[in-house]
Amino acid sequence: MDKRLNLLVFSGEYDKALAALIIANGAKEMGIDVTMFFAFWGLLVLRDPEKYNPHGKSLFQKLFTLFTPKGTEGLTLSKMNMGWVGQMMLKKMMREKNKPMLVDFLNGARKKGVKFYGCKLSQEVMGFGKDELIPEVEIIEVYEYLKDALNSDVQLFV
Amino acid sequence: MDKRLNLLVFSGEYDKALAALIIANGAKEMGIDVTMFFAFWGLLVLRDPEKYNPHGKSLFQKLFTLFTPKGTEGLTLSKMNMGWVGQMMLKKMMREKNKPMLVDFLNGARKKGVKFYGCKLSQEVMGFGKDELIPEVEIIEVYEYLKDALNSDVQLFV
Amino acid sequence: MDKRLNLLVFSGEYDKALAALIIANGAKEMGIDVTMFFAFWGLLVLRDPEKYNPHGKSLFQKLFTLFTPKGTEGLTLSKMNMGWVGQMMLKKMMREKNKPMLVDFLNGARKKGVKFYGCKLSQEVMGFGKDELIPEVEIIEVYEYLKDALNSDVQLFV
């Protein structure tokens, strides 16, 4: 199928990232080309939880790096998080039904060749180095996102 | 008009469900085909407030069913809910201007023949039985959602 | 480029409005036609912070007008607002990197000729007068939004 799907992932929440990555994996399995552009809080989804590099960060950027979630499993729910009870409950319910976790969907998308883009402006403001994100990410400007979106058959803002 | 609109309703909030259903009703009135795919919190919009069936639910699913809103009028606002004050105020303001409520827009969409889909993965994880949702809902997988989205002229993620 | 972008701005949050207006400005710079339809909380983005006209407002509408943000710089973040600490920190980080503020992106979009629409139903319910919003806004119904969306190449719900 010669079709293209373009997802702008703005949200850095467990449930929304799950929705985006389930759609991305499903599309890839159907032979649809998938591009994901992570902007703003969305960049948090792409953080490598093992990597932290304070080099070149301002004080605010250091604080921001410390107080925001480190990668997929640190993300909270967009509602009913209730001090992590909601997030833990959701994960329990997913395991009961033998569903993959968010990190599995992320790794699935990486293996299936989903194209990962990060927003340059967000990355500069938040101060994340390329070495703090998963290696597949390519940093681009909004113009390149728009070109890709215009060439796609479905575009969603998550 | 031979046009198609595809809405993915992820959010289970009063104001966002209102936006999605106002768009769906408006489109139908213009002769546009409308498909709504309810995933994750969006499934809460489709709950029949009178129906509860604990059969086959795990403990977590029972708790989840009890602590989440039961149908349209139990949904909170995405912001300024302020312990229901915001939701009640919004409803008052809508009534003052003789606007229909969310439940009216939902029933309008059902009468006008909007196609209602529910997400299989969400339904399995949350443990809602088909008999706990409005009868028009058909449960489908993400692949069927994607096929429908690819065949639509406008796709939105709400 | 003979392309069109259609943004439905539902959210009235600093970060989401920023995302929408950065996309709108970028698209205009590429020669893409841009329409922004502000509905529900999105109308708050378009408020002129200097203007308040109680004429014709019900008691609830007066309260609503008083307790909601007045224009771009009064908007909160969609997450990590933490009693404005998050919003101030984000603005600091944007200034450190010499990025324009939300109000600059809004004014840029106005100068570049982005078409601003406001949702009639939302405006009636919330009770905002046309004189309380930026002068470029034209109030339209959902049908006109849908016509425009159907004629666009990319549609996003922010």
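Residues numbered from 1 in each chain as written. Chains lettered and ligands numbered in written order. Predicted model: local features only at pLDDT ≥ 70, side-chain atom pairs only at ≥ 80, totals over all residues. Heavy atoms only, no water.

> Provide a residue-level description of the overall build of chain A, including the pertinent values.
Of the regular secondary structure elements, chain A holds 6 helices and 5 strands. Reading the helices (α) and strands (β) of chain A from amino to carboxyl end gives β-α-β-α-α-α-β-α-β-α-β. The C-alpha radius of gyration computed for chain A amounts to 16 Å, which stays within 12% of the reference 15 Å derived for 158 residues, consistent with globular compactness. When the backbone C-alpha atoms are referred to their principal axes, chain A occupies close to 50 × 40 × 25 Å. With the model as given, the accessible surface of chain A reaches about 6,200 Å², and the carbon-plus-sulfur share is 54%. The averaged location of the 19 negative side-chain charges in chain A is 4 Å from the averaged location of its 22 positive side-chain charges. (Helix = DSSP H or I, 4+ residues; strand = E, 2+ residues; numbered from the N terminus. Rg over C-alpha atoms; globule rule 2.2 N^0.38 Å. Areas by Shrake-Rupley, 256 points an atom, 1.4 Å probe, with all protein chains shown as cover. Lys, Arg positive; Asp, Glu negative; His and termini not counted. Charge placed at Lys NZ, Arg CZ, Asp CG, Glu CD.)

> A description of the side chain of Asp48 of chain A should follow, citing residues and the corresponding values.
All names here are of chain A. Mapped onto the secondary structure, Asp48 falls in the loop between strand E2 (33-38) and helix H2 (59-67). Within polar-contact distance, the side chain of Asp48 engages the backbone nitrogen of Glu50 at 2.9 Å. Other than its neighbours up to four places away in sequence, Asp48 contacts Glu132, Leu133 and Ile134. (Polar contact = N/O pair within 3.5 Å; in protein donor to acceptor, adjacent residues only side chain to side chain. Contact = heavy atoms within 4.5 Å.)

> Tell me about the interface of chain A and chain C, and please be specific about residues and values.
On the side of chain C, 32 residues touch chain A, which itself brings 29 residues to the contact. Both faces combined, the contact of chain A with chain C buries some 2,700 Å², and carbon together with sulfur accounts for 77% of it. When the buried area of chain A at its contact with chain C is split by residue, Phe60, Leu150 and Phe157 of chain A rank highest and sum to 25% of it. On inspection of chain A and its partner chain C, the count reaches 1 salt bridge. In this structure, the salt-bridge partner of Lys99 of chain C is Glu124 of chain A, at a minimum N-O distance of 2.6 Å. (Buried area = accessible area lost by both parts, 1.4 Å probe. Salt bridge = Lys/Arg side-chain N within 4 Å of Asp/Glu carboxyl O.)

> Before we move on, could you go through the relation of the copies chain A and chain B and cite the residues and values that matter?
Superposition of chain A onto chain B requires a rotation of 120 degrees combined with a translation of 0.0 Å along the rotation axis, giving an RMSD of 0.0 Å. This pairing of chains is accounted for by a three-fold axis. (Least-squares fit on C-alpha atoms with pLDDT ≥ 70 in both.)

> Mind laying out empty space enclosed by the protein, listing which residues take part and the relevant values?
Tallying each qualifying case throughout the model produces 5 cavities of 30 Å³ or more. Considered as a void within the structure, the largest cavity measures approximately 140 Å³ in volume. Taken together, 14 residues form the lining of the largest cavity, with Ala19 and Ile22 of chain B together with Ala39, Cys119 and Ser122 of chain C sitting closest to its centre. Elements with a minimum of two residues in the lining of the largest cavity: helix H1 (14-29) of chain B together with helix H5 (120-126) of chain C. Looking at the lining of the largest cavity, the element that brings in the most residues is H1 of chain B, giving 5 residues. Looking at the lining of the largest cavity residue by residue, the classes come out as 12 nonpolar, 1 polar and 1 charged. Within this model, the second largest cavity holds a volume of roughly 80 Å³. Around the second largest cavity sit Ser11, Lys16, Phe157 and Val158 of chain A, Ser11, Lys16, Phe157 and Val158 of chain B together with Ser11, Lys16, Phe157 and Val158 of chain C, which together line it. (1 Å grid on protein atoms, 1.4 Å probe; cavity = no way out; pocket = protein on both sides within 12 Å on 5 of 7 lines; lining within 4 Å. Points joined across faces, edges and corners; volume = space filled by probe spheres on them. Nonpolar A, V, L, I, M, F, W, Y, C, P; charged D, E, K, R; others polar.)

> Please set out the pattern of salt bridges residue by residue, giving values where relevant.
Applying the stated criterion across every chain yields a total of 33 salt bridges over all chains. Measuring nitrogen to oxygen at the nearest pair gives 2.7 Å for the salt bridge that ties Glu73 of chain A to Lys91 of chain A. Placement of Glu73 of chain A in the loop between H2 and helix H3 (85-96) and of Lys91 of chain A in helix H3 is noted, with a sequence separation of 18 residues between them. Of the charged contacts, one joins Arg4 of chain C and Asp148 of chain C as a salt bridge, the two residues approaching to 2.9 Å between their closest N and O atoms. Of this pair, Arg4 of chain C sits in strand E1 (residues 4-9) while Asp148 of chain C sits in helix H6 (residues 142-150), and the two are 144 residues apart along the sequence. A single network of salt bridges, built from pairs that share partners, joins Arg4, Lys28, Asp33 and Asp148 of chain A.

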